[in-house]
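What follows is the residue order along each chain.
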Amino acid sequence: TDSVVGGHLLGEQALAGIGLANAQSTLITFLSMLLGAGTAINFSRETGRFDAVRARQFFSQGVGSALLLGGGLMVVLWLGRESFLSFMNPAEEIRQHAAAYWNGNLLTAISGPLYVVLMECVQADGGARHCMIAAIVQLTVNVVCALLFCRAGLGAAGLSLATALADMCAVIVLAGHFRSA
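Conventions adopted
- Residues numbered from 1 in each chain as written.
- Predicted model: local features only at pLDDT ≥ 70, side-chain atom pairs only at ≥ 80, totals over all residues.
- Heavy atoms only, no water.
- Helix = DSSP H or I, 4+ residues; strand = E, 2+ residues; numbered from the N terminus.
- Rg over C-alpha atoms; globule rule 2.2 N^0.38 Å.
- Buried < 20%, exposed > 50% of the residue type's maximum accessible area, 1.4 Å probe, protein only.
- Contact = heavy atoms within 4.5 Å.
- Areas by Shrake-Rupley, 256 points an atom, 1.4 Å probe, with all protein chains shown as cover.
- Lys, Arg positive; Asp, Glu negative; His and termini not counted.
- Charge placed at Lys NZ, Arg CZ, Asp CG, Glu CD.
- Polar contact = N/O pair within 3.5 Å; in protein donor to acceptor, adjacent residues only side chain to side chain.
- 1 Å grid on protein atoms, 1.4 Å probe; cavity = no way out; pocket = protein on both sides within 12 Å on 5 of 7 lines; lining within 4 Å.
- Points joined across faces, edges and corners; volume = space filled by probe spheres on them.
- Nonpolar A, V, L, I, M, F, W, Y, C, P; charged D, E, K, R; others polar.
- Salt bridge = Lys/Arg side-chain N within 4 Å of Asp/Glu carboxyl O.
- Axes fitted to C-alpha atoms, helices over the stretch in contact; angles between N-to-C directions.
- Parallel < 35°, antiparallel > 145°, perpendicular 65-115°, else oblique.
- Left-handed = near helix turned anticlockwise from the far one by under 90°.
- Patch = residues over 30% accessible without salt bridge, like charges linked within 9 Å, V, L, I, M, F, W, Y side chains within 5 Å.

Trainee: Whenever I open this one, the overall build of the protein confuses me. Can you help?
Mentor: Looking only at helices and strands, the protein features seven helices and zero strands. In sequence order, the secondary structure elements of the protein are arranged as α-α-α-α-α-α-α. In terms of overall dimensions, the protein is globule-like: its C-alpha atoms have a radius of gyration of 18 Å, near the 16 Å expected for 181 residues. Projected onto the principal axes, the alpha-carbon positions of the protein cover approximately 55 × 30 × 15 Å. Every one of the 181 residues in the protein was classed for burial, and the buried ones make up 44%. The long-range fraction of contacts in the protein, counting pairs at least 24 apart against all pairs at least 6 apart in sequence, stands at 79%. Carbon and sulfur atoms make up 66% of the accessible area of the protein, which totals about 9200 Å². On the protein, the mean spot of the 9 positive side-chain charges and the mean spot of the 10 negative ones are 11 Å from each other.

Trainee: What is the right way to read the side chain of T163 from this model?
Mentor: Along the chain, the position of T163 falls in helix α7 (residues 155-180). Reaching out from T163, the side chain makes a polar contact with the side chain of D2 at a distance of 3.4 Å. Contacts of T163, omitting those with residues within four sequence positions, involve D2, T108 and N142.

Trainee: What exactly am I supposed to notice about the layout of surface pockets here?
Mentor: Any empty space left between the atoms is revealed when a probe the size of a water molecule rolls over them. In this structure, the largest pocket encloses a volume near 320 Å³. Lining the largest pocket are 19 residues, and of these S25, T29, T108, T163 and D167 sit closest to its centre. Taken as a whole, the second largest pocket spans an internal volume of roughly 200 Å³. Surrounding the second largest pocket, 12 residues form its lining, F43, A52, R56, D125 and F178 being those nearest its centre. Looking at the lining of the second largest pocket, the elements that each hand over two or more residues are α2 (12-48) and α3 (52-88). Sort the elements by how many residues they give to the lining of the second largest pocket and α3 lands first, with four residues. Residue composition of the lining of the second largest pocket, grouped by class: seven nonpolar, one polar and four charged.

Trainee: Is there a simple way to think about the pattern of salt bridges in this case?
Mentor: Pairing is possible between side chains that carry opposite charge, provided their charged atoms lie close to one another. Under the defined criterion, the tally for this structure stands at four salt bridges. Put simply, E46 and R49 hold a salt bridge, and the shortest N to O gap is 3.1 Å. Judged by its relative accessible area of 4%, E46 is buried. A salt bridge links R95 to E82; its shortest N-O distance comes to 2.6 Å. Placement of R95 in helix α4 (residues 92-105) and of E82 in helix α3 is noted, with a sequence separation of 13 residues between them. Bridged by salt links that share partners, the residues R45, E46 and R49 form one connected network.

Trainee: How should the packing of α3 against helix α5 (residues 108-124) be read in this particular structure?
Mentor: Helix packing geometry: the angle between the two helix axes and the distance between the axes. Where α3 contacts α5, the two axes come as close as 7 Å, and the packing angle between them is 155 degrees. By the angle between their directions, the pair α3 and α5 is classed as roughly antiparallel. Judged by the twist between their axes, the crossing of α3 over α5 is right-handed. Every residue of α5 that contacts α3 at F59, G62, V63, A66, L67, L69, G70, G71, L73, M74 and L77 is listed here: A109, I110, P113, L114, V117, L118 and C121. Here the residues of the contact of α3 with α5 sort into 15 nonpolar, three polar and no charged.

Trainee: Before we go on, may I ask you to explain a nonpolar patch on the surface in this structure?
Mentor: Together, V75, W78 and L79 make up a nonpolar patch on the protein surface, roughly 360 Å² of accessible area in all. One can find W78 in helix α3. When its relative accessible area of 56% is taken as the criterion, W78 is described as exposed.

Read these as geometric descriptors, not functional statements.
Right, dumping it as structure tokens:
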């Protein structure tokens, strides 16, 4: 979404900056998937053993770990931004777009792991309907907010903020699974 909207509304230089800063997104996604898979496996195993207490413990541990991972990633990525951009040494306009996208994406360092852990656990708990609704909500909010934020002049930062907002909306939908269970 970010590349498509950014390329069309912000231009080639912004698209290059987004692509450069996407290394950050890859790291966030990779670590989120590791945590989400491990949490879901343990949650599912304990649910299958009908040990609701242990299942809740693994779920809570996963959510707490997602928040800690996100906070840690946020700090590391914030501290590492200038080193990364200096090492890559892009043209100044591309650097500005990359830095703006990077800064906005710091919130995704928290929302991403939380979204993945919840999505994996809801799926493991048989909540395919909530997962489908969450994915639709995430996509819709991301596209609509990306368009609005870019048109409002937030530039590349608006694209990454739209992603974080979309993740949090999907988290709310996913949390509804456990409320209704």
